[in-house]
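Spelled out from the first residue to the last, the chains are:
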Amino acid sequence: MPARAPDVVDQVGQQLSDQDIDTLYLFASPASDFDTLTRQAAERFPNSNTILVTTAGEIGPDGYCEDAVLATALPRARFRVTPFVIAPLTDLDGTYLSDRIVQARMQLGADVPEMPGGFGFLLVDGLSLQEDRLLSAIAPGMGALPLFGGSAGDGQSFRKTRLGLNGDVLENAAILSLVATDCETHVFSLNNLHPTETRLVVTGAVPERRLVTHINGAPAAREYARLIGKDPEQLNEFTFAAHPVVVRLGDQHHVRAIQRVNDRGELVFFSAIETGMVLRVARADDLSSHLDRALYEIARDRGPTDILACDCILRRIAAEQGQSARAVSDVLSRNNVVGFSTYGEQIGPMHVNQTMTGVALSPPRTRP
């Protein structure tokens with residue numbers, strides 16, 4: 001639905017009028033009236049959880065879309081969701097939070113033993129800079145329950161991101177949904193990037209601000225530009241999307257995406273960064289072809305799937321810059337992907353960038 005339409009929630013209600021909904025997710029463009037949406041959703045669906053998040057773009061039935069509000073409903077016949085707020089993110093008590101999650105997870109399992117599958121879905125204030133700390137606090141309480149999520153967006157403005165739960169508008173907060181289901185589930189993370197031999201050693205950083213001041217002993221933006229063969233005065237979001245950097249953690253490489261250059265020639269990152277970190281410039285496979293192959297592999301042994309996904313804004317920017325947005329949208333549509341473009345993604349205990357995380361849902365193999 002168009003983000004500025006005055007009757008968005010009414011339209012959603014009409015489409016879902018014959019369904020018993022456990023939880024309704026609304027992925028809302030920052031162009032929407034978020035306060036009104038949050039209030040109206042709670043009023044229209046008083047017996048359901050209503051969870052909202054602002055986006056950096058939406059993913060709907062036709063793939064990428066803009067200035068829209070996208071609704072995704074989890075029917076009570078197949079799902080039970082326990083959502084709770086984690087706030088404020090700047091004052092986390094990890095032990096208390098972990099205990100809350102364990103208790104809620106155990107209670108959910110006891111309430112619906114006929115739904116043995118499940119996952120965690122995390123939505124986070126995308127400008128909080130707290131995702132890494134939050135995931136460290138959440139991970140011990142999740143047990144074997146797989147977790148994915150995304151950081152709320154604000155288009156490409158980076159001014160204000162918001163969440164909503166059951167009529168309450170939230171900032172400096174996260175919403176964790178613990179989901180039980182009898183569907184077959186597969187939580188995944190994918191990206192189309194491969195490290196090259198071009199190294200960047202972070203020799204100056206302000207970790208709490210995700211700020212890199214120096215790379216290889218030189219001013220950060222200037223050295224990054226030199227290594228990728230660009231003019232340091234011309235660095236922008238398209239450059240960062242086309243020339244991402246990755247860090248090796250264990251036996252895998254994960255993106256540490258650059259958000260912008262500040263007025264002092266320092267690089268502001270989307271995720272954790274620290275002095276001594278060794279980064280490598282990455283090269284990208286064709287985005288649409290890689291996505292097509294990856295989603296085919298996910299669905300191959302599961303039959304028809306529906307996918308709820310969190311997709312980094314930088315992947316969207318790269319698709320638009322490479323004139324492949326239509327091809328990517330076709331892949332998303334063909335594979336029944338819905339969700340939103342994010343300022344960062346979560347998978348298990350990690351906050352990552354330039355990645356798609358999500359859950360693939362398939363019908364149960366046998367009825368309970």
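Note that the structure is a prediction, hence the values are computed from the model and not measured.

### Observations regarding the sheet that holds strand β8 (residues 147-151)
Read from one edge of the open sheet, six strands run β6-β11-β7-β8-β23-β24, paired in mixed fashion. The sheet is open, and its two borders are formed by β6 (79-86) and β24 (350-352), each paired with just one other strand. Neighbour-to-neighbour, the strand axes of the sheet open up by a mean angle of 20 degrees, direction not taken into account. When β6 meets strand β11 (residues 174-181), the two strands line up antiparallel, connected through eight bridges. Across the sheet, residue valine 85 finds its bridge partner in β11, namely isoleucine 175. Of the strands in this sheet, β6 and β11 are in contact with helix α3 (residues 94-111), which crosses β6 at around 165 degrees. Here helix α4 (residues 131-142) sits on the sheet in contact with β6, β7 (117-124), β8, β11, β23 (345-347) and β24, set at roughly 160 degrees to β7.

### Structural notes on the UniProt feature "domain: FIST" (unreviewed entry) in the chain
If you check UniProt for "domain: FIST" (unreviewed entry), the listed places come out as residues 20-219 in our numbering. Note that residues 20-219 is 20% helix and 45% strand, and that its end C-alpha atoms are spaced 57 Å apart.

### Some details on the pairing of strand β18 (residues 258-261)
Note on strand geometry: in a regular strand, side chains alternate between the two faces of the sheet. In the sheet, β18 pairs with strand β19 (residues 267-269) via three bridges, with the strands oriented antiparallel. Looking across to β19, one finds that valine 261 is bridged to leucine 267. Count of turn residues in the β18/β19 antiparallel hairpin: five residues, of which glycine 265 carries a positive phi of about 75 degrees.

Cut-offs used in this document
- Residues numbered from 1 in each chain as written.
- Predicted model: local features only at pLDDT ≥ 70, side-chain atom pairs only at ≥ 80, totals over all residues.
- Heavy atoms only, no water.
- Pairing = 2+ DSSP bridges.
- Helix = DSSP H or I, 4+ residues; strand = E, 2+ residues; numbered from the N terminus.
- Axes fitted to C-alpha atoms, helices over the stretch in contact; angles between N-to-C directions.
- Contact = heavy atoms within 4.5 Å.
- UniProt positions renumbered as here; feature names shortened; annotations may be inferred.

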